[in-house]
Each structure stands twice: as structure tokens, then as C-alpha cells.
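# Observations on the three-dimensional arrangement
Listed below are the residues making up each chain.
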Amino acid sequence: MAEAKLRIDKWLWQARFFKTRSLAAKQVSGGHVRLNGNRVQKPAQAVAPGDVLTFPQGRIVRVVRIEKIGDRRGPAPEAQTLYFDMTEKQDVPPKNPGFEGKGRPTKKDRRSLDLSRTKDR
């Protein structure tokens, strides 16, 4: 029996790593996806169970091993059964700094500034 294979862009779309198949194809065409350590530049490249994919997604680099080939783009729980995530835990980026009293004053701040000024007129 022949091993089941599928286009890499279609598999990435079915596994819900990209919202559309054309976005997945752009990532592959741009040379941002690696299949078993080798750069892939054609969206028609066939993938099979056991292959390892490495690609950027947002601010992290994902490393996934293909477990099976899907029949359709189903719900997220079904899509998560298609792969095993080997991505290492990465540090969470720092949060935006909080308000430190800089910038434009509020109306209350302006009133307190006005009251604290001496009237030398």
C-alpha cells in the first residue's frame, strides 16, 4: 500500500497553522518553511507522516512532526490530532510598560496644578 502524501501548503492549512491556503503557500514560496531541515520553496512539495516541519508563526518558531494526513479542514481539536508539537517553550515577551504619570495630564491633575500655583497678580 502506498504511503499517503499531501501538498505542504494544504497540510499546513488543514492543521490550522494558517487561516487560508494562499497564506500557507506564500510562507512556503518565501522559503520560510523547512521540511526535515531542508528549505522548501514549492507549495506542491509532498509531505507524509513522520516528516518534521519548521516554520515561523507570529513571534515564535514552530517545530511540528506530522502524525497523519487529514481528509478535510475540520475543527481545531481534530486538526491538533494531525501533528505532534515539538516547539520548545519560549520566554513570554515583556508586557507594555504601565502609565508612569507622563504624558497629558487629566482634568483632575490640571485642577490640582492650578490650585497649587500662587496668585502673584
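Right, let's walk through the structure included here. This is a predicted model, so every value here is computed, not measured.

About the criteria used
Residues numbered from 1 in each chain as written. Predicted model: local features only at pLDDT ≥ 70, side-chain atom pairs only at ≥ 80, totals over all residues. Heavy atoms only, no water. Helix = DSSP H or I, 4+ residues; strand = E, 2+ residues; numbered from the N terminus. Buried < 20%, exposed > 50% of the residue type's maximum accessible area, 1.4 Å probe, protein only. Contact = heavy atoms within 4.5 Å. Areas by Shrake-Rupley, 256 points an atom, 1.4 Å probe, with all protein chains shown as cover. Core = buried A, V, L, I, M, F, W, Y, C linked by side-chain atoms within 4.5 Å. Pairing = 2+ DSSP bridges. Arc of directions from axis to C-beta. Phe/Tyr/Trp six-rings, centres within 6.5 Å; stacked < 30°, edge-to-face > 60°. Axes fitted to C-alpha atoms, helices over the stretch in contact; angles between N-to-C directions.

So, on to the overall build of the protein chain. Secondary structure assignment for the protein chain yields four helices and seven strands. Counting every position in the protein chain, which comprises 121 residues, the buried fraction comes to 26%. Contacts in the protein chain between residues at least 24 apart in sequence constitute 42% of all its contacts with a sequence separation of at least 6. A total accessible area of about 9,400 Å² is found for the protein chain, and carbon and sulfur atoms account for 51% of it.

This paragraph deals with the nonpolar core. Counting residues in each nonpolar core, the largest one holds 20 residues, and the members touching the most others are W11, L12, F17, L53 and F55. Of all the elements in the fold, those that place two or more residues in this core are α1 (8–14), α2 (21–29), β2 (33–35), β5 (52–57) and β6 (60–66). Examining the composition of this core, we find that three residues originate from one element, α1, more than from any other. Not counting chain neighbours up to four residues away, the residues in contact with F55 comprise L12, F17, F18, H32, V33, I60, V61, R62 and V64.

What follows covers the pairing of β6. Where a strand is regular, its side chains alternate between the two sheet faces. Here β5 pairs with β6 via six bridges, running antiparallel. In the sheet register, T54 faces β6, and the bridge partner there is V63. Connecting β5 to the next strand, β6, in antiparallel fashion are two residues, including G58 with a positive phi near 70°. Of the pairings in the sheet, the one linking β6 to strand β7 (residues 83–85) comprises three bridges and is antiparallel in character. Counted as the bridge partner of R65 is F84 from β7.

Turning our attention to α2. Within the span of α2, buried status applies to A24, A25, Q27 and V28. End-on, the buried residues of α2 take up no more than an arc of 160°, which puts them together on one face. In the segment just after α2, G31 is the residue with positive phi, at about 80°.

To continue, consider the packing of aromatic side chains. Throughout the structure, instances matching the rule amount to five aromatic pairs. Both rings, one in W11 and one in F17, keep their centres 6.1 Å apart while their planes meet at 35°; by these two values the pair is tilted. Of the residues examined, F17 reaches a relative accessible area of 6% and is grouped as buried. Judged by centre distance (4.7 Å) and plane angle (50°), the ring pair of F17 and Y83 falls under tilted. With F17 in the loop between α1 and α2 and Y83 in strand β7, this pair connects stretches of sequence that are 66 residues apart. Y83 gets classed as buried once you look at its relative accessible area, which sits at 14%.

We now examine the sheet that holds strand β3 (residues 38–40). Read from one edge of the open sheet, five strands run β3-β2-β5-β6-β7, paired in antiparallel fashion. Across the chains shown, the open sheet's two edge strands, defined by having one partner strand only, are β3 and β7. Looking at each pair of strands side by side, their axes are set apart by 30° on average, direction ignored. Judged from the two bridges that link them, β2 and β5 form a sheet pairing that is antiparallel.

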